[in-house]
Amino acid sequence: MAYTTPHEWDSHYANGKTFRPLGDAERRLLAEHAPAPDQGLALDVGCGLGELARHLADTGYTVDAIDFAPAALTHAPTTPAVTYLVHDIERDGTDGLPHPAYDLITIRLAWAFIRDRTRVMNRLRERLRPDGTLVVITPTTTNVPDDRRDIALDEDELGLLCEGWRFAERHDADGLAFIVLRGPAPGHVTCTGKNEPSAHALTGAGVVVTDTAGRILLGWSRRRGVWELPGGKNDADEDFLTTAVRELREETGLTADPGSARLLALLMDSTHGIPRMTAAVRITSYSGEPAVTEPHLTSRWEWHEVTDLPHLDQPLFTPSAHVIDTVWPGLLTGLPPVHRYPITPATISEAAQEAGEAAELRQTMADRLIEEGDMDAGSMIEAAIRHVPRHRFLPDVPLADAYDAKKAPVTRQPPDGKTTSSVSAPWLQAVMLRDAALQPGDTVIEIGSGGYNAALLKELAGPHGTVITIDIDPYVTDRARRFLDDTGYDQVRVHLGDGEQAPANLAAPGSVDAVVVTVEARDVPPAWINCLTEGGRLVVPLRIHGYTWSIAFTKRDGLLIADRFEVCGFVPLQGPGHRPDHTVELRGGEITVRFADGTPTDTSRLEAAFDMPRTERWTGVTIPGQVPFDKLMLWLVTHLDTGFARLSVDKALDTGVLQPPKGSDAATLVRGDSLAHLLHRKISDDSDGLWEFGVHAYGPQADDLADVMAGLVTAWDHTARDSTPTLTIHTARAHYPVESNQRVIRKPHADLVFAWESSGPATADAAGCQPVGESVS
């Protein structure tokens, strides 16, 4: 019976149904308690078919009769003294009523259907004249069957109805409660508790205190046999910060400045089936020296290097570990689960001096990016970089390094020493943001998290845009999530998953405006292409035969077409998408040959090649110092697909057999028992210098290989030196025509189709490249 929508009530009235008619007892009580004054105004709330409204009109009232069901008023007989109005008193309030105040307000058989009764009654009181009367006529639960409980009020509800009035009287109207209310008398709220609760939770604070050298204070617990932070349980009526200051003094003898105590987060886990809440508190100002003041609890206090904590030989108390992880996210790995509730970003403050220095460095960094052409003045990218606090995502990095435009600080380096996560250099982030061409309201997916770049993307996408950042490493996603929350970018979605596959599960096909990949990829998986809308952008550091370019693509008719290349270096993609180089070591590890794409050639006969006389070719092709030549590398990798490799020399083992290439490695052509590699020599003594490209070759085919590689360098100089190829991505093994000027590099997911045009004027893109491992400076 409990209708809840106008549609249900409309159906009720449209089907000819009605309700209990107005009874003689109700008429008598109305005449006794609410007679009409001269020119009296009445409001009938939930009037239904208007029977009560017409009765009030007959007794001398002018009546406004309201109901939220249009069908009720359509079927209600009209009378001159009654104005019918479709109005939902609960949803629309009282502002739209025809009159500002009434002598009588009636609510008959409708009060049980109002959900927010307190709020509605407060508004109706405001519309009652000083001597006015409010009458509620309602069924009671004692007089209706159990299955009709929803149309009636019980005694508690009737009691609440009468609260807040100087006069409240209840009468019986043939089984209905007839409530007369006069003289609104709003009370003053008081607070009270429920019955005495049973103890069911533990609450306390863990305190991070550091000395002037940045070392953290830990105590050895006699009871638990663990290292733990200062701290403990709250006293009754004590807040977490007061607890932290008190416990620090009682346990260690250190007297803290209460103003330096900051609540960073609330951490909830459980112990022995009991919920446990720990407040992570940071105290930065105190006096005294640590002392054992409670020897029955703690045997000693020691200052520990923060970097030593992951390698403690003794256990660390779990709540203390969670607090430490709040201050230095990701420092400790493999922690037990915890629910973390960061306190609002404003409470995670930094010293005014540090904040001012960071702001100044941020502006200087932005100025440099504009001066060097990495971003445009007045652009949304400039505004984002000037606004987002990069150092807050790099808390363990000196401010000067965090805001160095060319540095990419490492944020994750497992014990094997291989970097698995970093925050990209600002110049490259600015360039990739430019290439992504984001607009306010766009949806963008970032592959590879860190937090800072996602915050920049959110600034560009705006409050109505969507940013999803994905990483396969839970250390990285947890760190990104907390830093984004702490800096006010909680709307960024952080997803733990495989970057190659996750976009297919997080976004509908054709719904993403841009995919920005911030890890080195060796292929372009279908999920990245499929999620993009037509005209969408993919910016990806794509590794081709061992060299990496950040390439910007636009999706056109299901294909990706490149329009920008920027040589760069990134941490490689992890997970199934990671494909390591095929590496061959020669001469006891002195020489290393790496094949990054394609099928490695047979290198078993190369050892002997280095015992033969070296063939040398100098090409006459020169380049000034500080001028990049990454397009030569791109030319070589697209024209030497078979047998292309990179060669490096371990200088510690170098016996002089092979002249070490300048830089980390050299472009190399390997065929059977012979190889040839590129190198360069300085041929002028001025400050910038002029450098000439040459080739060294070894083995029975040395002359032929030297001619091939030198010929390609010369051909690049004559026809393609100042040009950039077009690159189109096709699905692997798709059917498409290949033109004579096109070169195809095949990867498991995608075919890379390059087309080189004749040389033209130098472009800004070419002049702006910064080669990695290939430099003549």
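Remember, predicted model here, so these are calculated numbers, not experimental data.

Analysis parameters
Residues numbered from 1 in each chain as written. Predicted model: local features only at pLDDT ≥ 70, side-chain atom pairs only at ≥ 80, totals over all residues. Heavy atoms only, no water. Pairing = 2+ DSSP bridges. Helix = DSSP H or I, 4+ residues; strand = E, 2+ residues; numbered from the N terminus. Axes fitted to C-alpha atoms, helices over the stretch in contact; angles between N-to-C directions. Contact = heavy atoms within 4.5 Å. Phe/Tyr/Trp six-rings, centres within 6.5 Å; stacked < 30°, edge-to-face > 60°. Buried < 20%, exposed > 50% of the residue type's maximum accessible area, 1.4 Å probe, protein only. Lys NZ or Arg CZ within 6 Å of the ring centre and 35° of its normal. Polar contact = N/O pair within 3.5 Å; in protein donor to acceptor, adjacent residues only side chain to side chain. Core = buried A, V, L, I, M, F, W, Y, C linked by side-chain atoms within 4.5 Å. pLDDT = per-residue confidence, 0-100. Parallel < 35°, antiparallel > 145°, perpendicular 65-115°, else oblique. Left-handed = near helix turned anticlockwise from the far one by under 90°. Salt bridge = Lys/Arg side-chain N within 4 Å of Asp/Glu carboxyl O.

A. Fine view of the sheet that holds strand β8 (residues 202-209). Read across the sheet, five strands follow the order β11-β8-β14-β13-β17 without closing on themselves; strand pairing throughout is mixed. At either end of the open sheet lies a strand with only one pairing partner, and these are β11 (231-233) and β17 (339-342). Geometrically, the sheet is characterised by an average inter-axis angle of 20° between neighbouring strands, direction not taken into account. Relative to strand β14 (residues 274-283), β8 is paired through eight bridges, and the arrangement is parallel. Across the sheet, the residue bridging to Gly204 is Thr278, located in β14. Contacts from helix α8 (residues 240-252) reach β8, β11, β13 (261-271) and β14 within the one sheet, and its direction differs from that of β14 by about 75°.

B. Geometry of the packing of aromatic side chains. With the rule as written, the count across this model stands at ten aromatic pairs. With 6.4 Å between their ring centres and 25° between their planes, Tyr286 and Trp303 make a pair best called stacked. With Tyr286 in strand β15 (residues 286-287) and Trp303 in strand β16 (residues 298-304), this residue pair connects regions lying 17 residues apart in the sequence. Its relative accessible area of 25% is what places Tyr286 among the partly exposed residues. Grouped by ring-pair contacts, the aromatic residues Phe393, Tyr452 and Phe483 constitute a single cluster. Sitting over the face of the ring of Phe317, Arg224 holds its NZ or CZ atom 4.3 Å from the ring centroid.

C. Representation of the side chain of Thr487 in the model. Mapped onto the fold, Thr487 is located in the loop between α15 (474-486) and β22 (493-496). Separated by 3.3 Å, the side chain of Thr487 and the backbone oxygen of Leu484 make a polar contact. In this structure, Thr487 is in contact with Pro389, Arg392 and Phe393, ignoring residues within four places of it in sequence.

D. Fine view of the sheet that holds strand β3 (residues 82-86). Read across the open sheet, the seven strands follow the order β3-β2-β1-β4-β5-β7-β6; overall the sheet is mixed. What marks the edges here is a single partner per strand, and that holds for β3 and β6 (165-173). Ignoring which end each strand starts from, the neighbouring axes of this sheet average 15° apart. Sheet topology note: the strand β1 (residues 41-45)/strand β4 (residues 102-108) ladder contains four bridges and is parallel. Residue pairing across strands places Ala42 opposite Leu104, the latter belonging to β4. Contacting β1, β4, β5 (128-138), β6 and β7 (176-184), helix α6 (residues 117-126) crosses the sheet at an angle of about 140° to β5. Against the sheet, helix α7 (residues 155-162) makes contact with β5, β6 and β7, and its axis sits at roughly 25° relative to β7, the strand it touches most.

E. Inspection of the nonpolar core at higher detail. Counting residues in each nonpolar core, the largest one holds 65 residues, and the members touching the most others are Leu538, Leu632 and Leu636. With nine residues, helix α20 (residues 702-720) is the largest single contributor of residues to this core. Beyond its immediate stretch of four places on either side in the chain, Leu632 contacts Leu678, Phe693, Val713 and Trp716. Counting 45 residues, the second-largest nonpolar core is a separate cluster that includes Ala366, Tyr403, Leu438 and Phe483.

F. Main features of the confidence of the model for the protein chain. Chain-level pLDDT for the protein chain is 86 on average; 91% of the residues reach the 70-or-more range. For the protein chain, helix α21 (residues 764-767) is the element with the lowest average pLDDT, namely 28, and β1 is the one with the highest, namely 98. Contacts of residues 759-777 to residues separated by more than four positions or lying in other chains number 55 contacts, the stretch itself having pLDDT below 50.

G. The arrangement of the packing of helix α19 (residues 630-639) against α20 in detail. Close contact between α19 and α20 brings their axes to 10 Å; oriented N to C, the two are set at 120°. As judged from the angle between their axes, α19 and α20 are oblique. Crossing of α19 against α20: the hand is right-handed. Two secondary-structure elements touch here, α19 through Lys631, Leu632, Trp635, Leu636 and His639 and α20 through Leu712, Val713, Ala715, Trp716, Thr719 and Ala720.

H. The pairing of strand β9 (residues 216-221), seen in detail. The buried fraction of β9 is high, at six of six residues. With burial as the criterion, each face of β9 is covered, one bearing Ile216, Leu218 and Trp220 and the other bearing Leu217, Gly219 and Ser221. When β9 meets β16, the two strands line up antiparallel, connected through six bridges. Bridge pairing in β16 places Leu217 opposite Trp303. Taken together, β9 and the strand that follows it, strand β10 (residues 227-228), pair antiparallel across an intervening segment of five residues, in which Gly225 is found at a positive phi of about 70°.

I. Geometry of the pattern of salt bridges. According to the stated counting rule, one finds 42 salt bridges in the structure shown. One salt bridge in this structure joins Glu126 and Arg123, with 2.8 Å as the shortest N-O distance. On the criterion of helical spacing, the pair formed by Glu126 and Arg123 is a turn pair, its members being three residues apart in helix α6. Residue Glu126 is classed as exposed on the basis of its relative accessible area, which comes to 52%. Take Arg123: its relative accessible area is 32%, and that puts it in the partly exposed class. A salt bridge links Glu616 to Arg614, with the nearest nitrogen and oxygen atoms 3.3 Å apart. Residue classification places Glu616 among the partly exposed positions, given a relative accessible area of 37%. On the basis of relative accessible area, Arg614 is assigned to the partly exposed category, the value being 37%. Counted as one network, the salt bridges with shared partners bring together Asp235, Glu238, Arg246, Glu247 and Glu250.

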